[in-house]
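Coordinates in review
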Amino acid sequence: VARKISRATGQVVEERLFDLIIERKDVGDLASCLINKSKDFKPLSFFEAQMHKLVHCGIDRKIFLVEGDEDNFQWRTEG
């Protein structure tokens, strides 16, 4: 949502919804959401649930932007 704010009053005078959505993840976030389960959409992974919502959001133009170097990604392990 883009908002135009009045300089005089500080109030929103116009709002516009763009027909474009960008979902941004870095490599670590993407790896994490691929393996973690969704709390609200069981038994889907968090990624699958997020993609389902993105596909059905009603906005036609979608960009999935992955940032980082997947070739040099290091999985974090506990212990």
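The structure under discussion appears in the preceding block.
Just so it is clear, the structure is predicted and the values come from calculations on it, not from any experiment. (Residues numbered from 1 in each chain as written. Predicted model: local features only at pLDDT ≥ 70, side-chain atom pairs only at ≥ 80, totals over all residues. Heavy atoms only, no water.)

1. Here's the deal with the overall build of the protein chain
Secondary structure assignment for the protein chain yields 2 helices and 4 strands. Element order for the protein chain, N to C, with α for helix and β for strand: β-β-β-α-α-β. For 79 residues, the compact-globule estimate of 2.2 N^0.38 gives 12 Å, and the protein chain exceeds it by more than 25% at 18 Å. If you line up the protein chain on its principal axes, its C-alpha atoms span 55 × 25 × 25 Å. (Helix = DSSP H or I, 4+ residues; strand = E, 2+ residues; numbered from the N terminus. Rg over C-alpha atoms; globule rule 2.2 N^0.38 Å.)

2. Side note on helix α2 (residues 46-55)
Turning to α2, its buried residues are Ala-49, Gln-50, Met-51 and Leu-54. Residues of α2 that are buried in the fold lie against β3 (20-26) and β4 (61-67). (Buried < 20%, exposed > 50% of the residue type's maximum accessible area, 1.4 Å probe, protein only. Contact = heavy atoms within 4.5 Å.)

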